[in-house]
Amino acid sequence: MSWTRRLVLALSVLLAALAGTLAAAPLAQGHEERPVDFPDGSGRVPTLRTGEPDLLVCKSDRADFERRIAAFPAALRTRNLNLFARCLAGGHRHIQQAVDAVDRPGMTIAILPGLYEEEPSLPPPTGACARLKAPRSAFGYQVLSYAQQKQCPHNQNLVAILGKKDLQIEGTGAARTDVVIDAKYQKLNAIRADESDGVYFRNFTAQRTTFNSLYVLAGDGFVIDNVLTRWNDEYGFLTFASDHGLYKNCESYGNGDSGIYPGSASDINNGRGYDVPRYSIEITGCRSHHNMVGYSGTAGDSVWVHDNEFDHNMGGASMDSAFPGHPGLPQNHARFERNDIHDNNEDYYRHVADGTCAKPPVERGYEQGVVCPQISMPPGSGIITAGGNWNLYENNWIYGHKRTAFYLNAVPAFIRGESAWSKQADTSHHNRYAGNHLGVDRAGASRPNRTDVWWDGQGGGNCWQSDTGPSSPRTLPECGARRGDVSGGSDRLAGEPVKLVQLLVCADYNVQERRLPAGCDWYGARGLARVETQIALGTALVLGLVGATLWRRRLRASRLAAVATALGAVGLTLDVAGSTLPLTAGYVPALALLLLGAWWTALGLALRPARPALAWTTLALGALTLLDAFDKAVLMIPWIPLSPAWLRGLLAVVWVLWAAIAAAGTGGAAPAGPPRGVGPGPGAAMGAEPGAAAGDGPGAGSGAEAGAGAGRVSAADGTAGGPPAAGRPTGDGPSGGTPGSTPGDTSGATS
């Protein structure tokens, strides 16, 4: 078998083992919906109609209504009074009644100021609707078909808009909080628009659900305009498998997943590069804050996100390919520009740890600032990309994060349910981070991120701007002036091994079971409690013990080995220190590798005379370690499918076993001077030569004794200090003796 085939086979076995390890992790759980296809793309983004509404919704309490509009500007107050009179005469008291009355495309429903709890829709299902047969999601709710939604529209929805076309629903208040639609934590969704092309939502608030405030599914054309969503178990706004969408001037907070979620946006640009004809969804002028994450999108494809603010969440924005059942995977072609993404450092996992999130939603205190995070994510991050391709992050302000501005890791395809081997490394490619304002706000004030980049190392064509600050790895491929230009790029099949272990450990989170992974700093682990530091410390202890024992028993006579061992001790110490959060993004990890590489290189040179095979293995390990330091701190090496850390780690396992056996073998290190009781002379000198001291081979150490024996025999003959007989052993042979020696020759008798 050729060396190239052996290399490919070894890499395949390695990646298969990695995939098996990751497969043991809990599968990701997210939004689950019936199987649905993308719209055909023939729709359009609807425009606001400004004429008189077709249908009116109001409450009948005049005193309450007049109190609500008392502070309105005069013209708006007069209009609302006129609409109220008309509504009392022929309008509806509940929004669902007005929706049911829509009988043609292009109608407008106006909702007057008030609190809408939709009392007829609120009770739990009864009769046949309570006995629907449907699969259940991981969160316990039924995944209903469209026909079942039509049959029982209020099993899950406070307001159900099913199959209506070009419908506009707007509040008539002065602010979006003047009209409030409240599910009181008794429904999955406050408003669901399903297969309702051209829907337009404007100027109201929706709140307090066990999943989403406002949900648009399978729609070709929608607008969310000046709407507020808040206090939901999962999402504020969720749009799914939709096209021709626009979010503008919206706000969302207090959500257990994201405030804004354009999941499975229509995958219209798959197969293209950075230049695309259009985007499926545009999000602009919105603010999403105090959620688990401000923005997220599993399969958030072809979404243009610009001029928004994502702040005071656990994470600013996230897109991913980590959840199965989402059409359009893997995620691709999101474009972020001119957004303010800052101070996303909230710690909401504490509410899981103390049991708050185990209470019924109505008792958790969402209105007082409690958020119950639904998935595992790295808090303190600006933009997280977990398995995305061809994304553009340009000209954003990203600052004040306690972890990192940009977080990028790959996601194997089996996580999303695809088993084809050719797809397992198909994420984390061609993501461009360029021209962003890192660590400063719009006024130019310094607001540094702890690090600017965290990358697991997998993928090809990714690049970052040249002025990034601290990063992990310390060296990054740089973006050129033109999109697609990359300097120092790489194409790795797998990320760094320690980072993959961290991701595996951190994935074991479950809000329902109150399970927060130990060892993961996402959940508060610090110092020796972090899995990365535990790995570094454990490795340092093993390598330090084996290295010190090898030196003490075999190489004490070598000054080179002594210096090497000292370098190794310093390198191992720095490696542990460099694994801690304050130092991981600096040059300390690379310096540790440099010293460890010098240790193994010098140790290999010291071992060469006595143990050439182990010496060459040690030299190879030193070279790989130095190469790893160069890869992480100077230039990411192109053209190699795996980081040097992978081969270094595998070879280190072999070296530890081999070195331990060598250190534990019979025979010891030669003393610095001649053997006790033996005078100077050629025989004594031969007994202390380095080869004998190293003890290579089964007869290790016999050379010293042979030299001593030679000195004794010569002295007895009256020829002390004379040269040994021709062919006399020097301790290199299998037994320390010499073929053909005579019975009277005792020079090798003590082997």
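Residues numbered from 1 in each chain as written. Predicted model: local features only at pLDDT ≥ 70, side-chain atom pairs only at ≥ 80, totals over all residues. Heavy atoms only, no water.

Visitor: Tell me about the side chain of Thr 475, and name the residues and values.
Guide: Within the element layout of this structure, Thr 475 appears in the loop between β34 (471-472) and β35 (478-479). For Thr 475, the side chain forms a polar contact with the main-chain oxygen of Val 634, separated by 3.2 Å. Every residue in contact with Thr 475, bar those within four places of it in the chain, is listed here: Asp 631, Lys 632, Ala 633, Val 634, Leu 635 and Met 636. (Helix = DSSP H or I, 4+ residues; strand = E, 2+ residues; numbered from the N terminus. Polar contact = N/O pair within 3.5 Å; in protein donor to acceptor, adjacent residues only side chain to side chain. Contact = heavy atoms within 4.5 Å.)

Visitor: Break down the environment of Thr 618 for me, citing the residues and quoting the values.
Guide: Along the polypeptide, Thr 618 turns up in helix α11 (residues 612-633). Look at Thr 618 and you get buried, because its relative accessible area is 0%. Along the chain, Thr 618 and Leu 607 lie 11 residues apart, while their C-alpha atoms are 8.6 Å from each other. What Thr 618 contacts, discounting residues up to four positions off in sequence, is Trp 600, Leu 603, Gly 604, Leu 607 and Trp 655. A polar contact of 2.8 Å, which involves the side chain of Thr 618, links it to the side chain of Trp 655. (Buried < 20%, exposed > 50% of the residue type's maximum accessible area, 1.4 Å probe, protein only.)

Visitor: I'd like a rundown of the packing of aromatic side chains, residues and numbers included.
Guide: Within the structure shown, the criterion is met by 29 aromatic pairs. A centroid spacing of 6.2 Å and a plane angle of 85° characterise the contact between Phe 201 and Phe 204, whose relative ring orientation is edge-to-face. For the ring pair Tyr 509 and Tyr 523, a centre distance of 5.5 Å and an interplane angle of 15° mean the geometry is stacked. Taken as a pair, Tyr 509 in the loop between α7 (497-506) and α8 (531-554) and Tyr 523 in the loop between α7 and α8 lie far apart in primary sequence, 14 residues in all. You can call Tyr 509 buried: its relative accessible area is 8%. One aromatic cluster in this structure is built from Tyr 295, Phe 310, Phe 336, Tyr 393, Phe 406, Tyr 433, Trp 455 and Trp 464. (Phe/Tyr/Trp six-rings, centres within 6.5 Å; stacked < 30°, edge-to-face > 60°.)

Visitor: I'd like a rundown of the packing of helix α9 (residues 559-578) against helix α10 (residues 588-607), residues and numbers included.
Guide: Interaxial distance between α9 and α10 falls to 7 Å at its minimum, and their mutual angle equals 155°. The angle between α9 and α10 places the two elements in the roughly antiparallel class. Where α9 crosses over α10, the handedness of that crossing is left-handed. Along the contact surface, α9 presents Leu 560, Ala 561, Ala 564, Thr 565, Leu 567, Gly 568, Val 570, Gly 571, Leu 572, Leu 574, Asp 575 and Gly 578, while α10 presents Val 588, Pro 589, Leu 591, Ala 592, Leu 595, Leu 596, Ala 598, Trp 599, Ala 602, Leu 603, Leu 605 and Ala 606. Residue classes in the contact of α9 with α10 are distributed as 19 nonpolar, 4 polar and 1 charged. (Axes fitted to C-alpha atoms, helices over the stretch in contact; angles between N-to-C directions. Parallel < 35°, antiparallel > 145°, perpendicular 65-115°, else oblique. Left-handed = near helix turned anticlockwise from the far one by under 90°. Nonpolar A, V, L, I, M, F, W, Y, C, P; charged D, E, K, R; others polar.)

Visitor: Before we move on, could you go through the pairing of strand β8 (residues 199-209) and cite the residues and values that matter?
Guide: β8 sits mainly inside the fold: 10 of its 11 residues count as buried. Examined bridge by bridge, strand β5 (residues 168-171) and β8 share 3 bridges and lie parallel to one another. Within β8, the residue paired with Gln 168 across the bridge is Tyr 200. Both strand β6 (residues 179-182) and β8 contribute to a ladder of 3 bridges, which runs parallel. (Pairing = 2+ DSSP bridges.)

Visitor: With reference to specific residues and values, describe the state of the cysteines.
Guide: Enumeration over the complete set of coordinates arrives at 6 disulfides. The disulfide partner of Cys 58 is Cys 87, and the S-S distance across this bridge is 2.2 Å. Because the torsion about its S-S bond is -105°, the bridge between Cys 58 and Cys 87 counts as left-handed. Here Cys 58 is found in the loop between β1 (55-57) and α2 (62-69), whereas its partner Cys 87 is found in helix α3 (residues 74-90), with 29 residues between them in sequence. Here Cys 250 is linked by a disulfide to Cys 286, with a sulfur-sulfur distance of 2.1 Å. Around the S-S axis, the bridge from Cys 250 to Cys 286 shows a dihedral of about 115° and counts as right-handed. One end of the pair, Cys 250, is in the loop between β12 (243-248) and β13 (251-255); the other, Cys 286, is in the loop between β15 (281-284) and β16 (287-289), and 36 residues separate them in sequence. With a relative accessible area of 2%, Cys 250 lands in the buried category. By sequence-ordered numbering of the bonded cysteines, the protein chain has its disulfides arranged as 1-2, 3-4, 5-6, 7-8, 9-10, 11-12. (Disulfide = S-S within 2.5 Å.)

Visitor: Outline the nonpolar core, listing residues and values.
Guide: Among the nonpolar cores identified, the biggest contains 71 residues, and Ile 109, Phe 201, Tyr 247, Tyr 295, Phe 336 and Phe 406 are the most heavily contacted of them. The dominant element in this core, judged by the number of residues it contributes, is β8, at 4 residues. Excluding residues that lie within four positions of it along the chain, Tyr 295 makes contacts with Ser 258, Ile 260, Pro 262, Ile 283, Val 303, Val 305, Phe 310, Gly 316, Ala 317, Ser 318, Met 319 and Phe 336. Within the second largest apolar cluster, 37 residues are counted, among which are Ile 384, Val 511, Cys 520 and Trp 522. (Core = buried A, V, L, I, M, F, W, Y, C linked by side-chain atoms within 4.5 Å.)

Visitor: Describe the sheet that holds strand β24 (residues 381-386), with residues and values.
Guide: Spatially, β4-β7-β9-β11-β14-β17-β20-β24-β28-β31-β34 is the arrangement adopted by the 11 strands of the open sheet, whose pairing is parallel. The sheet is open, and its two borders are formed by β4 (157-162) and β34, each paired with just one other strand. Where strand β9 (residues 212-217) meets strand β11 (residues 235-240), 5 bridges bridge the pair, whose relative direction is parallel. By the bridge assignment for β11, Leu 217 is matched with Phe 240. Packing of α7 onto the sheet brings it into contact with β28 (404-409), β31 (451-455) and β34, and relative to β31 it is tilted by some 90°.

Visitor: Break down the environment of Ile 398 for me, with residues and values.
Guide: Its location among the elements puts Ile 398 in strand β27 (residues 397-399). Judged by its relative accessible area of 0%, Ile 398 falls in the buried class. Sequence separation between Ile 398 and Gly 439 is 41 residues, and the spatial gap between their C-alpha atoms is 6.3 Å. If near-sequence neighbours (up to four positions away) are discounted, Ile 398 is found in contact with Ile 341, Gly 382, Ile 383, Ala 405, Phe 406, His 437, Leu 438, Gly 439 and Asn 449.

Visitor: An account of the environment of Gln 331 is needed here, citing residue identities and associated values.
Guide: On the secondary structure map, Gln 331 appears in strand β21 (residues 331-332). Setting aside residues no more than four positions away along its own chain, Gln 331 makes contact with Gly 297, Ala 299, Gly 300, Asp 301, Met 319, Asp 320, Ser 321, Gly 387, Gly 388, Asn 389 and Asn 391. Side-chain polar atoms of Gln 331 contact the backbone oxygen of Gly 300, separated by 3.2 Å.

Visitor: Run through unusual backbone geometry, naming residues and quoting values.
Guide: Going from Leu 329 to Pro 330, the amide bond is cis rather than trans, its omega being -5°. Tracing the sequence through the fold places Pro 330 in the loop between β20 (315-320) and β21. Residue Ser 472 is joined to Pro 473 through a cis peptide bond whose omega torsion reads 10°. Phi is positive for Lys 184, close to 55°, though the residue is something other than glycine.

Visitor: Which residues make up a nonpolar patch on the surface, and what are the values?
Guide: Taken together, the side chains of Leu 591, Leu 594 and Leu 626 present a nonpolar region at the surface, about 230 Å² in accessible area. Within the secondary structure, Leu 626 is located in helix α11. By relative accessible area, which is 33% here, Leu 626 ends up partly exposed. (Patch = residues over 30% accessible without salt bridge, like charges linked within 9 Å, V, L, I, M, F, W, Y side chains within 5 Å. Areas by Shrake-Rupley, 256 points an atom, 1.4 Å probe, with all protein chains shown as cover. Salt bridge = Lys/Arg side-chain N within 4 Å of Asp/Glu carboxyl O.)

Visitor: Which residues make up the pairing of strand β17 (residues 293-298), and what values go with them?
Guide: With 6 of 6 residues buried, β17 is to be regarded as a mostly interior element. Taken together, the 2 bridges between strand β14 (residues 258-263) and β17 define a ladder with parallel strand orientation. Bridge pairing links Ile 260 to Tyr 295 in β17. Two strands pair when backbone bridges link them, and β17 and β20 are joined in this way by 5 bridges, in the parallel orientation. By the bridge assignment, Val 293 is partnered in β20 with Gly 315.

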